[in-house]
Every structure is written in structure tokens, then in C-alpha cells.
Amino acid sequence: MAGRINDDDVKAVRDAVPIDAVVSEYLQLRNAGGGNLKGLCPFHDEKSPSFQVSPSKGLFHCFGCQEGGDTIAFVMKIDHLSFSETVERLAAKAGITLRYEEGGYNPGHQRGERIRLIEAHKVAAQFYVDQLGSPEAEIGRKFLAERGFDQAAAEHFGVGYSPAGWDHLTRFLRGKGFSDKELIVSGLSQDGRRGPIDRFRGRLMWPIRDVGGEVVGFGARKLRDDDNGPKYLNTPETPIYKKSQVLYGIDLAKKDIAKVSRAVVVEGYTDVMACHLAGVTTAIATCGTAFGGDHIKILRRLLMDNGSARVIFTFDGDSAGQKAALRAFEDDQKFAAETYIAIAPDGMDPCELRLAKGDAAVAELAEPRTPLFEFALRQIVKRYDLESPAGQAAALDEAAPIVAKLKNLSVQHRVAVQLAGLVGFLDTQFVVRRVAQIAQWQRGGGGGKGPAQPARQRTYDTPAPAAASSGPALNLRSPAHRTERELLKLALQRPELVSPAFDAYGVDEFTAPPYAAVRQCVQDAGGATGAPSDYLDAVREAAPNDGVRSLVTELAVETIFAKNVDEAYAGDQLVTVRLRAVDRRIRDVQGTLARLGAHGDPEQLAAVQNELWVLTQYGQSLRNNGAGAL
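One numbering rule holds for all chains: residues counted from 1, following each sequence as written. Per-residue local features of the predicted model are confined to residues with pLDDT of at least 70, and side-chain atom pairs are confined, for both listing and counting, to 80 or more; whole-chain, interface and lining totals are unaffected and use all residues. Note that the side-chain values use all heavy atoms of the structure and ignore hydrogens as well as water.

**Student:** Run through the side chain of D227, naming residues and quoting values.
**Tutor:** The secondary structure listing takes helices from DSSP runs of H or I that are at least 4 residues long and strands from runs of E that are at least 2 residues long, numbered from the N terminus. Following the sequence through the fold, D227 ends up in the loop between β10 (215-221) and β11 (232-234). Assessed through its relative accessible area of 17%, D227 is described here as buried. Apart from the residues within four sequence positions on either side, D227 is in contact with R201, R203 and K222. Burial classification: accessible surface area is computed with a 1.4 Å probe over protein chains only, and a residue below 20% of its type maximum counts as buried, one above 50% as exposed, and the rest as partly exposed. Here a residue-residue contact requires only that any non-hydrogen atoms of the pair lie within 4.5 Å.

**Student:** Can you explain the pairing of strand β12 (residues 262-266)? Please cite residues and give values.
**Tutor:** Most of β12 sits inside the fold, with 4 of its 5 residues counted as buried. With 4 bridges joining them, β12 and strand β14 (residues 310-313) adopt parallel strand pairing. In the sheet register, R262 faces β14, and the bridge partner there is R310. Sheet topology places β12 next to strand β13 (residues 283-285); 3 bridges connect them, and they run parallel. Bridged to V264 within β13 is A283. One crossover worth recording links β12 to the parallel β13 by way of helix α11 (residues 269-277), and it is right-handed. Note on pairing: DSSP must find at least two bridges between two strands before they are called paired. Crossovers are described as right-handed under a simple rule: with the strands pointing away from the observer, the path leading from the first strand over the helix to the second runs clockwise.

**Student:** Hey, could you go over the packing of helix α20 (residues 479-493) against helix α25 (residues 567-596) for me, with residue numbers and the actual values?
**Tutor:** Only C-alpha atoms enter the line fits that serve as axes; for helices the fit covers just the stretch in contact. Angles between N-to-C directions range over 0 to 180 degrees. Remark: α20 packs on α25, axes separated minimally by 9 Å, with the N-to-C direction vectors making an angle of 135°. As the angle between them shows, α20 and α25 are arranged oblique. Considering how the two elements wind past one another, α20 and α25 form a crossing that is left-handed. Within the contact between the two elements, α20 uses P479, A480, T483, E484, E486, L487 and L490 and α25 uses Y569, A570, Q573, L574, T576, V577 and R580. Polar here means any residue outside two lists: the nonpolar Ala, Val, Leu, Ile, Met, Phe, Trp, Tyr, Cys and Pro, and the charged Asp, Glu, Lys and Arg; Gly therefore counts as polar. Here the contact of α20 with α25 is composed, by residue class, of 8 nonpolar, 3 polar and 3 charged. If an angle is under 35 degrees, it is roughly parallel; if it is over 145, roughly antiparallel; if it lies from 65 to 115, roughly perpendicular; otherwise it is oblique. The crossing is said to be left-handed when, going from far helix to near helix, the turn is anticlockwise and less than a right angle, and right-handed when the turn is clockwise.

**Student:** So, helix α18 (residues 409-423): which residues are in play, and what are the values?
**Tutor:** To estimate how far a helix should reach, multiply one less than its number of residues by 1.5 Å. Taking 1.5 Å of rise per residue, 15 residues should cover 21 Å, and α18 covers 21 Å from first to last C-alpha, within 8% of that figure. Where burial is concerned, most of α18 is hidden: 11 out of the 15 residues are buried. Of the residues making up α18, those classed as buried are L409, S410, V411, Q412, H413, V415, A416, L419, A420, L422 and V423.

**Student:** Give a description of helix α12 (residues 293-303) that names residues and reports values.
**Tutor:** A large share of α12 lies buried, amounting to 8 of its 11 residues. Every buried residue of α12 is accounted for by H295, I296, I298, L299, R300, R301, L302 and L303. For α12, the secondary structure elements touched by its buried residues are α10 (250-260), β12 and β14.

**Student:** Go over the environment of R171 with me, naming the residues and quoting the values.
**Tutor:** Within the element layout of this structure, R171 appears in helix α8 (residues 168-175). Along the primary structure R171 and I197 are separated by 26 residues, whereas in three dimensions their C-alpha atoms are 8.7 Å apart.

**Student:** How would you sum up the sheet that holds strand β5 (residues 68-70)? Please name residues and give values.
**Tutor:** Judged by pairing direction, the sheet is antiparallel, and its 5 strands sit side by side in the order β1-β2-β3-β4-β5 without closing on themselves. With partners counted over all chains shown, the strands left at the sheet margins are β1 (30-33) and β5, one partner each. Taken over all neighbouring pairs, the strand axes of this sheet differ in orientation by 25° on average, direction set aside. Strand direction decides the pairing type here: β1 and strand β2 (residues 36-39), joined by 3 bridges, are antiparallel. Along β2, the bridge assignment pairs G33 with N36. The strands that helix α3 (residues 71-79) touches are β3 (51-54), β4 (59-62) and β5; relative to β5, the one it contacts most, it runs at about 120°.

**Student:** Residues and numbers for the sheet that holds β14, please.
**Tutor:** In spatial order, the strands read β13-β12-β14-β15-β16; together these 5 strands make up an open sheet with mixed pairing. Pairing within the sheet leaves two strands with one partner each, and these edge strands are β13 and β16 (370-371). Sitting on the sheet, α11 touches β12 and β13, and the angle it makes with β13 is about 175°.

In C-alpha cells form, the structure reads like this:
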């Protein structure tokens, strides 16, 4: 076995590779003040960035999960490497030759498994690239040319060609010192009758890189009719390749995704190429699997979950593409980003669109237009006969649980009203109430179509004021106004204490019109959850006039009237404001019930009584459980 790496070499590696440069390969970092940087922790799920990096000290620490250490510790943790494997990887990046205490220079075959598999893929990628220029690969070059990709494009994306023979790559890698076991484990070779043979033969090859830029697998496209394999063949699951945890093109797109807070998700390798060549350099694709939770985790770290983040899905217009969109919507609420879907005219994918209509058409396609939830609802609703009451009811039964999953209360209310229109219900409030009841049931751990439960978050029907100048003047002797003011100060000065609950509060839950206007500014600026360093500037810029802007500034600097400004205090303000809004709505509903009387329409009477019961139960839950009921 190889000996221990020389201590001086370990120190040289640690000093040579800046920790912020390494961490930035996996997540977006922003200024945290004092020379530090912050981002969303890659080691646990969080909505507000608690992961900090100190470039001057060469250290990182997460205040959420308590992970911390230096550059080596970070790479060991995130890539599941041993200490030696990590130092070797960083040394290769820095161009440092390592010395070993007990046996001289460490030969290749003695290195850790991951390092060896990465090296094998790196060599294989270059082998495939070299083969693309061979006479045999003419069919592959023609395939690329027919789709608008020249030699420069192939080189930029590392596209190559696997020879049609049985073991060209296998013999080449053996010559580079790789063992048969390593070739099988890597997925580059597979067992044949007389030993390992190439897994990929006679195909166009796309290297699949992880977020750090290392080749971990390949996507292979069928070229010949006598190839009995699938149209696309990917690397099997290996120690370094998990298809649910890789995104094709992420190595090329990650910087621009972080820079503009936008990602475009397409379906195939050629679609990624077409988008990038058309100037949409934030395009990425999954690798032979549906877009899922692990892919979202990768993107969230780059998008930083700020309020302006956008994710656009450009699925094909065929039935498979529509199913993919609906699957994506199931995970939609794991994003803090807004999600959209774009389908090209005539159902063309981005590669086809670029060929037919040019780069500008691809860039236009990638602009966010149709919210993903709206597309999902339309796909559900159109399956039913909306001319019949039974069809309307069935469509509502399937679509309402989808709307109930929307976490933002104001968005949920707006979409519920939109659903009423799609289905054809004239009584929009019936749909709104139905969605609110299902949302409560879902949050309580029940099924999507369970019985009515107390709605924890709802939008109340009082119209919100448009500006701070409208309505009565502020009255700080009013307990309601005082509490609303305290809650807004917390949202501006200590947003981490009131989010994400605050972002689900409707504008109309603030009875003072000036405070309602400030609440609207926070919403327009992207919300209090995961507030970035320029959060207050964004809120001020969202103000409709100087009066509201001045009030935002005033609330941002005014002292919070509490000895201990903590989660308990913040929870009290949240509960008090919400409880007063619930009580106001209860009085409104009681008035409606009185007007209907005993001789009103039975269906309408039952709906009003049901809402009153829901509100009463929710109010009691708030009184009994405090912030735990939010």
C-alpha cells in the first residue's frame, strides 16, 4: 500500500486551493459582510443561508447543521472521499506533485477508487473525442451537422464517438494501467464471453460531468439501424454516477445560473447544446430520468432561493413531455423559485426550433410565460367534460389538491380563483374554501381529498389598499396597529425570525392601509424568506410612492419593543395578527349567516356554516397552540 502523504504537501495543497473557489463549484456564494461569504448549505436542506465561508481563514461553517472545517474537509464531505483521495484530487487541480512518506510516489493503481474511476472517465472522454475525427465516425459527424452543430460546437461540449468494435476502449484503458475490475466498476466496460468488452459501441458520446466539472458518465446516442440497443444508452449506476443526482451541462451552466438566478431545464443533450449556442447558457438536462428532488437540491444551491429566481421547463409538446411536466410539478413546491413551462410551436424541442427558426426563437422560448401550476391545471381539467355538472365536479376533485399544495397563501388564493374559471364554477369562493380545507388536511398528514379541517393559512376577502395614503391615519393606541407595526419591523429587520410564515400572510391581514402597503412591498420584493443582503433596498424599491418608501425606512430602523427579540416574540406577533384576521372574518361570516336566515338556499347555507366551523376551529387552534398552529 502507498504511504502517508507528506505533511508539507498537504499544507501546500490546502494553501494553494482557495476555499471559496472550491465551494463555489457546488453552490452560489454571496457577500455576508466582514469579508465572509454565505450560501445555502449543501449538507442539509434550509430556506435561509446559514452556511458561511471565510476565504481569509480558509474555513467554512454551517450555523444550521454545525458542519465545518477547511477546504479538504469540505471536499471529503460533499464528494464522499477519503482524506488521501481528497488531497490527491486537489493536488491535481493545483498542479502539485505529492510525496509519500512510506514508499515514494504513489502509483496510479494504488489510488482511491473514486479517483481511479474519475481518471478512467477522463481518459475515456478524450479517447472518444479523438475518435470523432476518424473515417468510421462520419455517420456521427453527419448526425451533428444535420442538427446544426459544427466541429467547434462538438469540441465545446466534448462530444465524441465510440468505435463499433468490441473492445477498442477497453484495450486502450488497459494500456493506461487500468484493471479489468476498474473498467467493469466504472461502467465503461461490461462482461463479455472472453472478458470485458466496451459498453458503448458505434455511438455518439456525450460526457456527463458533475457540478465540479469531473466526467462521471456518458450518454450514448444510437446511429445505425443494425444497433439493437435503445436510442439513448447511459452509464449504469456506479460509485461515481447516480442518474438522479447529475444534470447534463451543469458544469457549463452553473456560473450563469448563479449570476442571473435562472435555470432552463430541457430534455436532451442536443437541446442543451442548442440552447447554449443560442445564448441560453443556463440550460441543463436530466440524464435518462425524470426531474426530481435531488436535481432540485443542486439547482437550489445555485439559485440561492432568492425571490427573483426562475426555473423554466421546456418539455416537448407530446404526451410524454406533458407527463414530464406534470411530474416536475409534483416537486414544484420544493423550489423557492418560481417555475414556468415553455412549449415551442408545433411541439418542437429546442434543437428542432433552432434549426427551423434560428437562435432568436430558442432565446424567446426560454423566457418565462406560463406558470407550471397553470399548465398542470389545464392538463388535468381538459380531460373532463366541463359541459356537465358531474364533469366539473370530477375536474375540481382532481385539481383542487394540486392548488392546495401551493405554500404561498396569496398565490394559492389567486390560483383557486383561476381554477374556478377553468372548471366553470360561478361561485369562486366555494372553490377557494374547498382548496383551503384540503390544504389544511394535507398539512395535517391526511390525504389530498380528506374532510374539511381548520384552514391554517387563508386569504381574507377584504380588498387590500393600494397605497399608504388611503384609508384612516395610523393609530398607535390601537392594539391591532401596534402589533402590525411590530410584525413589519421584525419582517424588515429580522426576517429570519418570521419567515417563512410571514410570506403566507395576506396583505389584507393588516388593517392599517399604510401597513398593508408595506406588506405588499415585502411581497413584491420577493418575500422575507431567505432575504438577501440587499433585501431592504429591494423592499424600498418596490414602494409605489415616497410616502410608503419613507415608512419602510422608518420601520427598518425603529427599535423593536421587546427585551428579547427572539422566535418566541416573533411568534406572538404572528399569531396575534393572524388571530385578529380570523376573528374579523368570523364576524363577516356570522353576518352572512344571519342574512341568509333559516329559509336561505340550503347549499349556500351549508357552505357558509362549514366556513364558520372551519374558521372557529382554526381560531381555537391558534389560541391553544400559538405559533405551532400557523
